[in-house]
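Spelled out from the first residue to the last, the chains are:
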Amino acid sequence: MILYLQKEEYKPGKPISEEDLKNAISIHHSLATRASDYNKRPNVFYLRTADWRVFLFQAQNTEQMHSWITRINVVAAMFSAPPFPAAIGSHKKFSRPLLPSALTRLSQEDQVKTHEAKFKSMSSSLIEHRTSPPDRKVKVKMDEFKQKEDYLEFEKSRYGTYAMLLRAKLKAGTEDLEAFENSLFDSAENDEDGLKKSRSSPSLNLDQPVSATKAKCHTSSRGSSRPTHSSTRQKS
């Protein structure tokens, strides 16, 4: 699952260049969310990848921004393989587990069950983690505690988004993403597991036609100081 960043308008049939390959972003186990705390430009959303790099994209309008968020998350939910079993070791220091980049071999029905199980697991782990905070005077312990808390919060949100979207897609009964978007709200409202539709894209408005064709990438990662501008297209 690859998102290609291109400086020029995408033309069907045009071969992928070496520069396109260098600027490609893998979206397995990624999560796109509205950048509600970013005020420099309108219609901006975050994309956090499996290795926790953060990209900012600007869509042409609000409808396209919501469509990009939804479609990236749907593709990630459909094709991201289940995570590896937790490693067993003697070290106690927290580190984020590696996530597989291979495509899942599960059916969509089994895939959504896996996401729902991980959502519940992360929710329980987050509650348990917060019941035993370390001494605030020990900075190293507090930093590690916060790092794990951030990880659990993100994974809870990611799996909640995946489960809600994939469950809604199965109920919609279509592989057409535009048709799925049009039925998303109804599917989310009737979700028997109660996973909130707001996890996918806050204030998602599908009453107007959506055409997700181009977005601009403004930063290559959270640590980048110089913005870049490029059109994007998705290949999975």
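Placed above this text is the structure.
Residues numbered from 1 in each chain as written. Predicted model: local features only at pLDDT ≥ 70, side-chain atom pairs only at ≥ 80, totals over all residues. Heavy atoms only, no water.

**Details of the overall build of the protein**
- Check the secondary structure of the protein and you find 5 helices and 7 strands.
- In sequence order, the protein lays out its α and β elements as β-α-β-β-β-β-α-α-α-α-β-β.
- For the protein, the residues scored as buried account for 42% of the 236 residues in total.
- Looking at the protein as shown, the accessible area adds up to about 13,600 Å², and 50% of this sits on carbon and sulfur atoms. (Helix = DSSP H or I, 4+ residues; strand = E, 2+ residues; numbered from the N terminus. Buried < 20%, exposed > 50% of the residue type's maximum accessible area, 1.4 Å probe, protein only. Areas by Shrake-Rupley, 256 points an atom, 1.4 Å probe, with all protein chains shown as cover.)

**Re helix H2 (residues 62-79)**
- If you check H2, its first and last C-alpha atoms are 26 Å apart, about what 18 residues at 1.5 Å a residue would give, namely 26 Å.
- With 16 of its 18 residues buried, H2 lies for the most part within the structure.
- Looking at where H2 begins, the residue whose side-chain oxygen comes 3.2 Å from the main-chain nitrogen of Glu 63 is Asn 61. (Expected span 1.5 Å × (residues − 1). Polar contact = N/O pair within 3.5 Å; in protein donor to acceptor, adjacent residues only side chain to side chain.)

**Points about the pattern of salt bridges**
- Here the structure, examined in full by the defined rule, presents 9 salt bridges.
- Here Lys 139 ties to Asp 143 by a salt bridge, and the two come within 2.8 Å at their closest N and O atoms. On the criterion of helical spacing, the pair formed by Lys 139 and Asp 143 is a turn pair, its members being 4 residues apart in helix H4 (residues 139-172).
- For Lys 139, a relative accessible area of 60% puts it in the exposed group.
- Overall, the relative accessible area of 41% leaves Asp 143 in the partly exposed class.
- Close ionic contact of Glu 175 with Lys 169 constitutes a salt bridge, the shortest N to O distance being 3.0 Å. (Salt bridge = Lys/Arg side-chain N within 4 Å of Asp/Glu carboxyl O.)

**Examining the environment of His 115**
- Examined against the element boundaries, His 115 turns out to sit in helix H3 (residues 108-130).
- Distance in space between the C-alpha atoms of His 115 and Arg 167 is 9.8 Å, their sequence separation being 52 residues.

**Looking at the side chain of Lys 169**
- Here Lys 169 is to be found in helix H4.
- Using a relative accessible area of 3% as the deciding quantity, one classes Lys 169 as buried.
- Ignoring any residue separated from it by four or fewer positions in sequence, one finds Lys 169 in contact with Val 74, Met 78, Gln 108, Thr 174, Glu 175 and Phe 180. (Contact = heavy atoms within 4.5 Å.)

**Focus: the packing of aromatic side chains**
- Evaluation of the coordinates by the stated rule reveals 4 aromatic pairs.
- Summarising the aromatic geometry, the rings of Phe 45 and Phe 57 are spaced 5.4 Å apart at their centres and angled 15° between planes, so their arrangement reads as stacked. Of this pair, Phe 45 sits in strand E4 (residues 44-48) while Phe 57 is found in strand E5 (residues 54-59), placing the two residues 12 residues apart along the sequence.
- Taking relative accessible area as the criterion, Phe 57 reaches 1% and is therefore assigned buried. (Phe/Tyr/Trp six-rings, centres within 6.5 Å; stacked < 30°, edge-to-face > 60°.)

**Focus: the pairing of E4**
- Judged by how many residues are buried, E4 sits mostly within the fold: 5 of 5 residues are covered.
- Side chains Val 44, Tyr 46 and Arg 48 of E4 all project onto a buried face; the interleaved residues Phe 45 and Leu 47 project onto the opposite face, where all are buried too.
- Direction of pairing for strand E3 (residues 31-34) relative to E4: antiparallel, over a ladder of 4 bridges. Among the inter-strand pairings, Ala 32 is bridged to a residue of E4, identified as Leu 47.
- With 5 bridges connecting them, E4 and E5 associate as antiparallel partners. Bridged to Phe 45 within E5 is Phe 57. (Pairing = 2+ DSSP bridges.)

**Notes on the environment of Met 142**
- With respect to the secondary-structure elements, Met 142 resides in helix H4.
- Here Met 142 falls in the buried class, since its relative accessible area comes to 18%.
- Setting aside its immediate chain neighbours within four residues, Met 142 contacts Pro 134, Asp 135 and Arg 136.

**Notes on H3**
- Its 23 residues place the ends of H3 33 Å apart at the C-alpha level, agreeing with the 33 Å of an ideal helix rising 1.5 Å per residue.
- For H3, the set of buried residues is Gln 108, Gln 111, Val 112, His 115, Glu 116, Phe 119, Met 122, Ser 123, Leu 126 and His 129.
- In this structure, the buried residues of H3 make contact with H2 and H4.

**Let's talk about the side chain of Ser 80**
- Topologically, Ser 80 is positioned in the loop between H2 and H3.
- A polar atom in the side chain of Ser 80 sits 2.8 Å from the backbone nitrogen of His 29.
- Side-chain polar atoms of Ser 80 contact the backbone oxygen of Ala 76, separated by 2.7 Å.
- For Ser 80, the residues in contact, after removing those within four places along its chain, are Met 1, His 28, His 29, Thr 104, Gln 111 and Tyr 162.

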